[in-house]
Amino acid sequence: MHYNTEELFPPHIFDPPQEAIDHILPHLVWPQRTLHVLGKRAHGHNTIYDLGDGRVLKTGPTVSFDEAKAMIFVRAHTNIPIPKVYMVFNHRGSTHIVMERIDGVALREAQKYDAQGRYAPDSALASTDGLRSIMRELRHFIGELRDLGRRFPSKEPQYGSWPSGLYRNSYFASDLPAAPFQTVSEFHDYWLKRLDKTDNDAETYEDLQRLLSGSACHASTPVLCHGDLAPRNILVKDDRIVGIVDWETFGWYPAFWEEMAARNELMTKRLSEAQRDTFGEISWESEIGVYLRVYSYVTALL
């Protein structure tokens, strides 16, 4: 199955008139016009400006035209709530994406803050039952992405960004691979080389070696993933998911990756329990468990 590129990515979005761009630029005043949620400025690798008309603008070192295309592509072919993209343009060497502002709060904050922005883990915006409902929704959306990958398979199956190329993912940023991985064995080998077995936990190094050895005996197919479904990228309101953001990481990954990345952020006890109830317990010897440890040790060395 294929999609019509011209219809999906029209010129008025990807080549907007200069007049439309000039109308937006005066609003990009840092830090006054940056997006605030619960009274605090939204922070991350990139900057988000509130345009004051129901739209926000995202710009920064990892923002690209492919991220905007990923948002449009997934929004058009799934039921996953994704901000609508209005226009994309380059300005002063950086890509700018103008998109819909979602009325929601990142799960990272909703799990522990109340509506006034006060730390209140026992009476936070997201209720205990709501966290379980949110995790069930998330599991369903992960399934939708995998189905999307089956409906629109890559012409050359490989582990890398969508629609092609190297990963645009901060997990790989400090030591980018030379090319997309052709096999899961290459994927494991890349991470094994980033570990120093003399400075890190020898058990983790050996467990990753075990995964690498075993991968040669089992066929593995890349699956389509968001790539970083951590609580900071999940917007919620009234105990449901209202937006999934930060699609620069969209691509083809090993099957375990999406759930691993979803677990790789600090969470309250309530959210951890909701996640465990939905996705199950993990073994530290499993692929998810091994990679949670691998990334922990790799980042500790940076």
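Everything below is about the structure printed above this text.
The numbers attached to residues start from 1 for each chain and follow its sequence in the written order. Whole-chain, interface and lining totals are the exception, using all residues; otherwise, since this is a predicted model, local features are given only for residues with pLDDT of at least 70 and side-chain atom pairs are given and counted only at 80 or more. For side-chain calculations, the full set of non-hydrogen atoms in the structure is used, while hydrogens and water are omitted.

Attention now moves to the overall build of the chain. Helix numbering and strand numbering both begin at the N terminus, where a helix is a DSSP run of H or I of at least 4 residues and a strand a DSSP run of E of at least 2. Scanning the chain from N- to C-terminus turns up 11 helices and 12 strands. Here the C-alpha atoms of the chain give a radius of gyration of 20 Å, agreeing with the 19 Å that 2.2 N^0.38 yields for 302 residues. Taken along the three principal axes of its C-alpha coordinates, the chain extends 55 × 45 × 35 Å. For the exposure calls, accessible area comes from a 1.4 Å probe over protein chains only, and a residue counts as buried if that area is under 20% of its type's maximum, exposed if over 50%, partly exposed in between. By the burial criterion, 49% of the 302 residues in the chain qualify as buried. Within the chain, contacts between residues at least 6 apart in sequence are counted, and of these 66% link residues at least 24 apart. Throughout, the Shrake-Rupley method with a 1.4 Å probe supplies accessible areas, and for residues the shown protein chains are the sole cover considered. Carbon and sulfur atoms provide 50% of the accessible area of the chain, an area that totals close to 14,900 Å². In summary, the charge assignment counts Lys and Arg as positive and Asp and Glu as negative, without counting His or the chain termini. One atom stands in for each charge, and that atom is NZ of Lys, CZ of Arg, CG of Asp or CD of Glu. In the chain, 33 side chains carry a positive charge and 41 a negative one; their mean positions are 3 Å apart. For a compact globule the rule gives 2.2 Å times the number of residues to the power 0.38, and the radius of gyration it is set against comes from C-alpha atoms. Residue contacts are counted whenever heavy atoms from the two residues lie within 4.5 Å of one another.

A separate point is the packing of aromatic side chains. Any pair of Phe, Tyr and Trp rings, taking the six-membered ring for Trp, is counted once the centres come within 6.5 Å. Such a pair is stacked with planes under 30 degrees apart, edge-to-face with planes over 60 apart, and tilted for the rest. According to the stated counting rule, one finds 32 aromatic pairs in the structure shown. When the ring of Y3 is compared with that of F73, the centres are 5.0 Å apart and the planes differ by 50 degrees; the resulting orientation is tilted. Linking Y3 in the segment before α1 (5-8) with F73 in helix α4 (residues 65-77), this pair joins segments that are 70 residues apart in sequence. With a relative accessible area of 28%, Y3 lands in the partly exposed category.

The next thing to look at is the pattern of salt bridges. Every case where a carboxyl oxygen of Asp or Glu lies within 4 Å of a side-chain nitrogen of Lys or Arg is listed as a salt bridge. Taken as a whole and assessed by the stated rule, the structure comprises 20 salt bridges. D207 is the partner of R210 in a salt bridge, and the nearest nitrogen-oxygen pair spans 3.7 Å. Within this pair, R210 and its partner D207 are both found in helix α8 (residues 202-215), separated by 3 residues, close to a single helical turn. Overall, the relative accessible area of 10% leaves D207 in the buried class. Here E281 ties to R276 by a salt bridge, and the two come within 3.2 Å at their closest N and O atoms. Residue class for E281 comes out exposed when judged on its relative accessible area of 65%. Connected through shared salt-bridge partners, K58, E67, D246 and E248 make up one network.

This part is about the sheet that holds strand β9 (residues 223-225). If you trace the 3 strands from one edge of the open sheet to the other, you get β8-β12-β9, paired in antiparallel fashion. Two strands bound the open sheet, and with one partner strand each, they are β8 (160-161) and β9. The pairing of β8 with strand β12 (residues 251-253) spans 2 bridges and is antiparallel. Along β12, the bridge assignment pairs G160 with W252. One bridge is not enough; two strands pair if DSSP finds at least two bridges between them.

On to unusual backbone geometry. Leaving glycine aside, a negative phi is the common case for residues, and trans is the common case for peptide bonds. With an omega of 0 degrees, the peptide bond running from W30 to P31 counts as cis. Cis peptide bonds are those with omega within 30 degrees of zero, and the linkage from W162 to P163 qualifies with 0 degrees. With respect to the secondary-structure elements, P163 resides in the loop between β8 and α7 (184-194). The residue D238 is not glycine, and still its phi comes out positive at about 50 degrees. With respect to the element layout, D238 can be found in the loop between β10 (234-237) and β11 (240-244).

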